[in-house]
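# Inside the fold
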Amino acid sequence: MGSSCTIRALGSILHKITAGVSSKCPNASARTGLLSRNLSSSSSISPLPSSWISTPIGSSPGARRTIRTVSPLSMGRRSSKIAGRKGAKDAKKAKLYSKIGKELVSALKKGGPNPVSNTALATILEKAKELDVPKEILDRNIKKASEKGQEAYIEKVYEVYGYGGASMVVEVLTDKITRSVATVREVVKNCGGKMADPGSVLFKFRRARVVNIKVSDADKDQLISVALDAGAEDVIEPPVYEDDTEEDQSESYYKIVSDSDNYSAILSKLRDEGINFETDNGSELLPISPIEVDDEAMDLNKELMTNLLELDDVDAVYTDQK
């Protein structure tokens, strides 16, 4: 009886919070400020570009901010590109919703169902509203949190060696650590990879806030201007393939990279300019020195990452492969 009352009470709060929010991504201009969030769900990260465009900003004489923007050279056959793009957006959204659900369960288990006294819960509910998480997913995880034996979720990171010298970082949010490590090890072994010792791979990446903007939604020069004005670090263009069609190009994304301090300013600037965007749900790991691999290694690494992302406990897989 007590748990059902708790669910009804929190359900009422959720209804007020999510009322009027559609299941589709709203226009950027309708969004409100984001709270600091944790982790992203993406199978790979575009490499940091190497050429630079210097643009002066600020009122002091000679003040300049340097920002780099270039299309990364993409390796691999067209079949790999298509396979990587098909369903990627849906898979990313599914992982995002799954992570929000896990965070909701943990917040409820640790702090109770009252968002007024449970600040972690209030933050997650606000995040869910911002990211348009369907109400049925929230309701399902609220119920799950009240089930006997359900434990809070714990964050874990596993490091992996792939093919061709590539490395991977696997981010996990799990309620059973023994299960998560066993399933990750099994997939890595079956795909021919190798588990790495803690710290042997992670140093090859840096964490940053990332805003994704569809190529068809913005002009590159406009994005560079927005990024400079808001204090962004980089604007990364999508990979370029010789056989790209217009549809391929329109489904690609720019990435604006920043630190946490400037992230909100970038979102505000994008809203002011009327540019639609997708947030990072916290942060992404970007490779410090991306490496090139041959086509065979690329395909094998993609297979490994795909299989890892199919695990329920895995929220994100990052690679330093170009």
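In what follows, the structure referred to is the one given above.
An account of the accompanying structure is given in this report. For clarity, every value in this text was computed on a predicted model and none was experimentally measured.

A separate point is the nonpolar core. Ranked by internal contacts, the top residues of the largest apolar core, which has 19 residues, are I100, L104, L108, L121, V133 and L138. Counting residues per element, the ones that place at least two in this core are α3 (88-111), α4 (119-130) and α5 (135-145). For this core, the element with the most residues is α3, which contributes seven residues.

In this structure, E284 sits in strand β9 (residues 284-287). Among the polar contacts made by the side chain of E284, one reaches the side chain of K255 at a distance of 3.4 Å.

Taken in spatial order, the four strands of this open sheet run β5-β3-β4-β10, and their pairing is antiparallel. Single-partner strands in this sheet number two, and they are β5 (194-195) and β10 (314-319). As paired elements, strand β4 (residues 167-174) and β10 share five bridges and run antiparallel to each other. Across the sheet, the residue bridging to E171 is A316, located in β10. Along the sheet, helix α6 (residues 177-190) contacts β3 (154-161), β4, β5 and β10; its crossing angle with β3, the most-contacted strand, is approximately 20°. Against the sheet, helix α10 (residues 295-309) engages β3, β4 and β10, with an angle of about 160° to β10.

Reading the values: rules and limits
- Residues numbered from 1 in each chain as written.
- Predicted model: local features only at pLDDT ≥ 70, side-chain atom pairs only at ≥ 80, totals over all residues.
- Heavy atoms only, no water.
- Core = buried A, V, L, I, M, F, W, Y, C linked by side-chain atoms within 4.5 Å.
- Buried < 20%, exposed > 50% of the residue type's maximum accessible area, 1.4 Å probe, protein only.
- Helix = DSSP H or I, 4+ residues; strand = E, 2+ residues; numbered from the N terminus.
- Polar contact = N/O pair within 3.5 Å; in protein donor to acceptor, adjacent residues only side chain to side chain.
- Pairing = 2+ DSSP bridges.
- Contact = heavy atoms within 4.5 Å.
- Axes fitted to C-alpha atoms, helices over the stretch in contact; angles between N-to-C directions.

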